[in-house]
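In case you want the letters, here they are:
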Amino acid sequence: MSIAFKGSHFERDIILWGVRWYVAYPLSYRQVEEMMGERGVEVDHTTLHRWVLRYVPLLEKAFVARKRPIGGSWRMDETYIRIKGVWKYLYRAVDKAGATVDFLLTAKRDRKAALRFLCKAITRHRAPRTITIDKSGANTAAVDSYNTEHDAGIKMRQVKYLNNLVEQDHRAIKRITRPMLGFKNFWSAATTIAGLEIMHMIRKGQLRSTAKLRPAQQFYSLAG
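In this text, all values refer to a predicted model and were calculated from it rather than measured experimentally. (Residues numbered from 1 in each chain as written. Predicted model: local features only at pLDDT ≥ 70, side-chain atom pairs only at ≥ 80, totals over all residues. Heavy atoms only, no water.)

1. Focus: the overall build of the chain
Using the following cut-off: Runs of E in the DSSP output that reach at least two residues are strands. Runs of H or I that reach at least four are helices, and both are numbered from the N terminus. Between the two quantities, the radius of gyration covers C-alpha atoms and the globule rule is 2.2 Å times the number of residues to the power 0.38. Two residues form a contact once any of their heavy atoms are found within 4.5 Å. In this tally Asp and Glu are treated as negative and Lys and Arg as positive; neither His nor the chain ends contributes. A single reference atom marks each charge: NZ on Lys, CZ on Arg, CG on Asp, CD on Glu.
Helices and strands together make up the secondary structure of the chain, namely eight helices and five strands. Moving toward the C terminus, one meets the helices and strands of the chain in the order α-α-α-β-β-β-α-β-α-β-α-α-α. Over its C-alpha trace the chain gives a radius of gyration of 18 Å, about what one expects of a compact globule, namely 17 Å for 224 residues. With the C-alpha coordinates of the chain rotated into their principal frame, the extents come out at 55 × 45 × 30 Å. Counting only contacts in the chain whose residues sit at least 6 apart along the sequence, the fraction spanning at least 24 positions is 65%. Side-chain charges of the chain comprise 40 positive and 20 negative groups, with the mean position of each set lying 3 Å from the other.

Below, the structure written as structure tokens:
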């Protein structure tokens, strides 16, 4: 697939440059604006924000189509993301090799939210053999509900040291969100986090590629 940049006042490469910098490094929009200005590109931080919201969903769609398969043993957990001063929840899962399975930002941390994440991940991949979780009652209920509703046989484990893998993986995302000065709305947060997750997965080698490309080049290749 190829992403259309028709109608933009800036060239394709400049847009992708700005978007990648923001989702790849712990920077604010104003810092990216300043850095681009130093390289002769005058672009307002609000324009950078619009680029992220417009193009990240398209880049995510392209990434999903080229994502490498993941393993059948998952580690599932959630972390906190502040949106307009209120804590929301980012559900994430990795396989036993550390590859990202999927992610989902939710307003609540309960059975419905955990089940929604689980259904999204399974729809994109397939049902895992095992899921390792913490002692969260919501996650336990979600796996039980999925097994009952879909006549599935997912084995559930609650082993703290095995779940350290996904807890450590959260840090890569939190490190980037910390300097972003807080998200103003849920949709903006969800879109931005998708960009962070794409770049994180690319760095972990989860994008299928016929050539040996650096992570930045792999990101740009998503645009076609």
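This is not the end of the story, as more comes after the structure.
2. Quick word on the sheet that holds strand β4 (residues 130–132)
Applied cut-off: When DSSP finds at least two bridges between two strands, those strands are taken to pair. To obtain an axis, a line is fitted to C-alpha atoms, over the contacting stretch when the element is a helix, and the angle between two such axes runs from 0 to 180 degrees between their N-to-C directions.
Read from one edge to the other, the open sheet built from five strands follows the order β3-β2-β1-β4-β5, with strand pairing classed as mixed. The sheet terminates laterally at β3 (100–106) and β5 (155–157), the two strands that pair on one side only. Neighbour-to-neighbour, the strand axes of this sheet turn through a mean angle of 25 degrees, independent of strand direction. Relative to β4, strand β1 (residues 73–83) is paired through three bridges, and the arrangement is parallel. Counted as the bridge partner of Arg 75 is Thr 132 from β4. Docked against the sheet, helix α4 (residues 111–124) engages β1, β2 (86–95), β3 and β4, running at close to 145 degrees with respect to β3. Packed on one face of the sheet, helix α6 (residues 160–177) meets β1, β2, β3, β4 and β5 and runs near 30 degrees to β1.

3. Let's talk about α4
Our working rule: Here a helix's expected span is defined as the number of its residues, less one, multiplied by 1.5 Å. When accessible area is computed with a 1.4 Å probe and restricted to protein chains, residues below 20% of their type maximum are described as buried, those above 50% as exposed, and intermediate ones as partly exposed. Think of a polar contact as two N or O atoms within 3.5 Å of one another; within protein, one of them needs to be a possible hydrogen donor and the other a possible acceptor, and neighboring residues in sequence only count if both atoms come from side chains.
With 14 residues, α4 extends 20 Å between its outermost C-alpha atoms, agreeing within 8% with the 20 Å of an ideal straight helix rising 1.5 Å per residue. Buried within α4 we find Ala 113, Ala 114, Leu 115, Phe 117, Leu 118, Ala 121 and Ile 122. For α4, the elements touching its buried residues are β1, β2, β3, β4 and α5 (137–150). A side-chain oxygen of the first residue of α4 lies 3.3 Å from the backbone nitrogen of Lys 112; this N-cap is Asp 110.

4. Some words on the domain arrangement of the chain
In many analyses, interface size is given as the accessible surface area lost on bringing the parts together. The condition is simple: Either an automatic procedure or a domain database provided the assignment from which the domain bounds are taken. Buried area: the accessible area, evaluated with a 1.4 Å probe, that two parts lose upon being put together, summed over both parts. Any Lys or Arg side-chain nitrogen found within 4 Å of a carboxyl oxygen on Asp or Glu counts as a salt bridge.
Domain annotation of the chain identifies domain 1 (12–66 + 207–222) and domain 2 (73–184). For domain 1 and domain 2, the distance between their C-alpha centres works out to 26 Å. The interface of domain 1 with domain 2 comprises nine residues on the first partner and seven residues on the second. Between domain 1 and domain 2, the buried area comes to about 630 Å², and carbon and sulfur atoms account for 62% of it. Taken as a group, Tyr 22, Pro 26 and Glu 60 account for 57% of the area that domain 1 buries against domain 2, more than any other trio of residues on that side. The interface formed by domain 1 and domain 2 contains one salt bridge. The interface formed by domain 1 and domain 2 holds one residue pair in polar contact (both at pLDDT 80 or more) in total. Sorting the residues of the side of domain 1 that touches domain 2 by element identifies α1 (12–24) and α3 (45–65) as the ones contributing at least two each. Per-element tally for the side of domain 1 that touches domain 2: the top contributor is α1, with three residues.

5. Remarks on the layout of surface pockets
Defined as follows: Only protein atoms enter the calculation, which uses a 1 Å grid: trapped sets of points that fit a 1.4 Å probe without letting it out are cavities, open sets showing protein on both sides within 12 Å along at least five of seven lines are pockets, and any residue with an atom within 4 Å of a point is a lining residue. Grid points are joined across faces, edges and corners, and a volume is the space filled by probe spheres set on the points. Throughout, the ten residues Ala, Val, Leu, Ile, Met, Phe, Trp, Tyr, Cys and Pro are labelled nonpolar, Asp, Glu, Lys and Arg are labelled charged, and all others, Gly among them, are labelled polar.
When its volume is computed, the largest pocket comes out at roughly 300 Å³. Considering the residues around the largest pocket, the lining is formed by 14 residues, among which Tyr 29, His 49, Met 180, Gly 182 and Lys 184 are closest to the centre. Residue assignment for the lining of the largest pocket shows that the elements contributing at least two residues are α2 (29–38) and α3. Among the elements that take part in the lining of the largest pocket, α3 stands out by supplying three residues, more than any other. Its residues placed into classes, the lining of the largest pocket shows five nonpolar, seven polar and two charged. Split by domain, the residues of the lining of the largest pocket number at least three in each of domain 1 (12–66 + 207–222) and domain 2 (73–184).

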